[in-house]
Amino acid sequence: MNTIRIRRMADYDRDVRREVAEVFVDGYYNELSYFTQDRNTLQTAFQDLFSPEVFYVAEVQGVIIGILACSHNGQRAMPVALTPLQDALGDKTGKLTYEVMKNEFNLALPYDDDTGYIECVATTEKARGKGVSTALMKHVMKELPYRRYVLEVANSNEAGLRLYPKLGFREIERKPEGHSEDSGFHERIYMEWSKPLNLNLNR
């Protein structure tokens, strides 16, 4: 694969919301298709909800192929709002989508200022298995100032469960999923990684 370039969404000099939405819908289509199977409608519903300050974008030769958000206790990645969802999906489906997603994306994070929360990791279908998510993760873990990183992964996400331990994440908690019939998974697995302390032994 050609060189992967990573930038913060807010640093683009063009409007990339639709491109980011395409990757988001591609990555989470199995879950999002519960609301509608029309990818274009889903992209319209979510394209204005991303927080550019905490989203990081991977591109190859100018084409966006991967996304990752690193939220913190003052800013979530994708606060869902009722109006754009209803505008795209209709009143009934938009309200359902909002009710389902608001607790996932709108609640403040219970972490301190030194902790980044990784969420919304997705790649295009064609880019999967080519190191895009790894590159995004390594970029964020190296470049951002957080001492500790936390993420959540569904027990059904085999790719994530292979990747995150390779990057040094360790499991810290499991929570049963209350609506496993609808969500398609049974447990939420929480993992963390902390930067090693730089000890000066030559004092």
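Residues numbered from 1 in each chain as written. Predicted model: local features only at pLDDT ≥ 70, side-chain atom pairs only at ≥ 80, totals over all residues. Heavy atoms only, no water.

In the nomenclature of an unreviewed UniProt entry, the protein is known as GCN5-related N-acetyltransferase of Paenibacillus vortex V453.

Draft legend 1. Spatial organisation of the side chain of Glu59. Tracing the sequence through the fold places Glu59 in strand β2 (residues 55–60). A relative accessible area of 5% places Glu59 in the buried class. A distance of 2.6 Å separates a polar atom in the side chain of Glu59 from a polar atom in the side chain of Tyr12. Here Glu59 is in contact with Thr3, Ile4, Arg5, Arg7, Tyr12, Arg14, Ile64 and Ile65, once residues within four sequence places are set aside. (Helix = DSSP H or I, 4+ residues; strand = E, 2+ residues; numbered from the N terminus. Buried < 20%, exposed > 50% of the residue type's maximum accessible area, 1.4 Å probe, protein only. Polar contact = N/O pair within 3.5 Å; in protein donor to acceptor, adjacent residues only side chain to side chain. Contact = heavy atoms within 4.5 Å.)

Draft legend 2. Here's a closer look at the sheet that holds strand β1 (residues 5–8). Judged by pairing direction, the sheet is mixed, and its seven strands sit side by side in the order β1-β2-β3-β4-β5-β7-β6 without closing on themselves. A single partner strand is all that each edge strand has here, and the edge strands are β1 and β6 (170–176). Here the average twist between neighbouring strands, direction ignored, is 25°. Across six bridges, β2 lies against strand β3 (residues 63–71) in antiparallel orientation. Pairing of Val57 across the sheet is with Ile67, part of β3. On the sheet, helix α1 (residues 17–27) packs against β2, β3 and β4 (115–123) and is oriented at approximately 80° with respect to β3. Most of the contacts of helix α6 (residues 132–143) go to β3, to which it runs at about 40°, and overall it touches β1, β2, β3, β4, β5 (148–154) and β7 (187–194). (Pairing = 2+ DSSP bridges. Axes fitted to C-alpha atoms, helices over the stretch in contact; angles between N-to-C directions.)

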